[in-house]
Amino acid sequence: MSLRERIPEQLKIGEDIISIALETDVEVFPTSEYVLLEISHKAGRVNIPKIVGTLRNLVKEEQRMVAIRGFGFKGIGLAVRVAHELKLGETKFTYEMTFDTFDASDPADSRPVTSVQIIVLPPM
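Parameters at a glance
Residues numbered from 1 in each chain as written. Predicted model: local features only at pLDDT ≥ 70, side-chain atom pairs only at ≥ 80, totals over all residues. Heavy atoms only, no water. Pairing = 2+ DSSP bridges. Helix = DSSP H or I, 4+ residues; strand = E, 2+ residues; numbered from the N terminus. Expected span 1.5 Å × (residues − 1). Buried < 20%, exposed > 50% of the residue type's maximum accessible area, 1.4 Å probe, protein only. Arc of directions from axis to C-beta. Contact = heavy atoms within 4.5 Å. Polar contact = N/O pair within 3.5 Å; in protein donor to acceptor, adjacent residues only side chain to side chain.

Enquirer: Summarise the pairing of strand E5 (residues 96-106); cite the residues concerned and give the values.
Expert: Inspection of the sheet shows strand E1 (residues 18-19) paired to E5 by two bridges, in the parallel sense. When the bridges of E5 are listed, Ser-19 appears paired with Ser-105. Pairing of E5 with strand E6 (residues 109-121), which is carried by 11 bridges, proceeds in the antiparallel orientation. Residue Phe-99 lies in a different strand from E6, and its bridge partner there is Ile-118.

Enquirer: Quick one: what's the story with helix H2 (residues 72-88), residue by residue and with numbers?
Expert: End to end, H2 covers 24 Å across 17 residues, agreeing with the expected 24 Å (1.5 Å per residue, within 8%). The set of residues buried in H2 consists of Gly-72, Gly-75, Leu-78, Ala-79, Val-82, Ala-83 and Leu-86. Each buried residue of H2 lies within a common arc of 135° when the element is viewed along its axis, so the set occupies one face. In H2, those exposed residues whose orientation departs by more than 90 degrees from the buried face are Phe-73 and Leu-88. On its buried face, H2 is in contact with strand E3 (34-39), helix H1 (48-61), strand E4 (65-71), E5 and E6.

Enquirer: Break down the environment of Lys-87 for me, with residues and values.
Expert: Position of Lys-87 among the secondary structure elements: in helix H2. Taking relative accessible area as the criterion, Lys-87 reaches 42% and is therefore assigned partly exposed. Residues Lys-87 and Met-97, 10 residues apart in the sequence, show an inter-C-alpha distance of 9.6 Å. Not counting residues up to four positions away in its chain, the partners in contact with Lys-87 are Thr-94, Tyr-95 and Met-97.

Enquirer: Tell me about H1, and name the residues and values.
Expert: Look at H1: 19 Å from first C-alpha to last across 14 residues, which is about the 20 Å you get at 1.5 Å a residue. Contacts from the buried residues of H1 go to strand E2 (26-30), E3, E4, H2 and E6. At the N-terminal end of H1, a side-chain oxygen is found 3.2 Å from the backbone nitrogen of Lys-50, two or three residues along, and the residue is Asn-47. Immediately beyond the C-terminal end of H1, within one or two residues, lies Gln-63, with a positive phi of roughly 55°.

What follows is the structure in structure tokens.
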């Protein structure tokens, strides 16, 4: 089974523009199949080590799939940094990840914002 085939339907990105509905810099949305972490395009200081530690526990110990969505320039940079730090911190196995780009829109202004979704899959 390929990585893409393991992704739940709700996380498959199509042509639709995703609405940004964040109220804080970082928000977490747990579901029964995965945990979604969203990082705002207006994010200020974010505690990367704390986020990476939490994600490492979710993926490695709890065998949960984690989706990291970064909106806009700041969100993309932070999402990629989280994925990078997660990967650097592991020595016993290699994280499997998929990357997708998509357009998002902030309801405050209707301009599209380029965004990224990184899905971290638990080891099989």
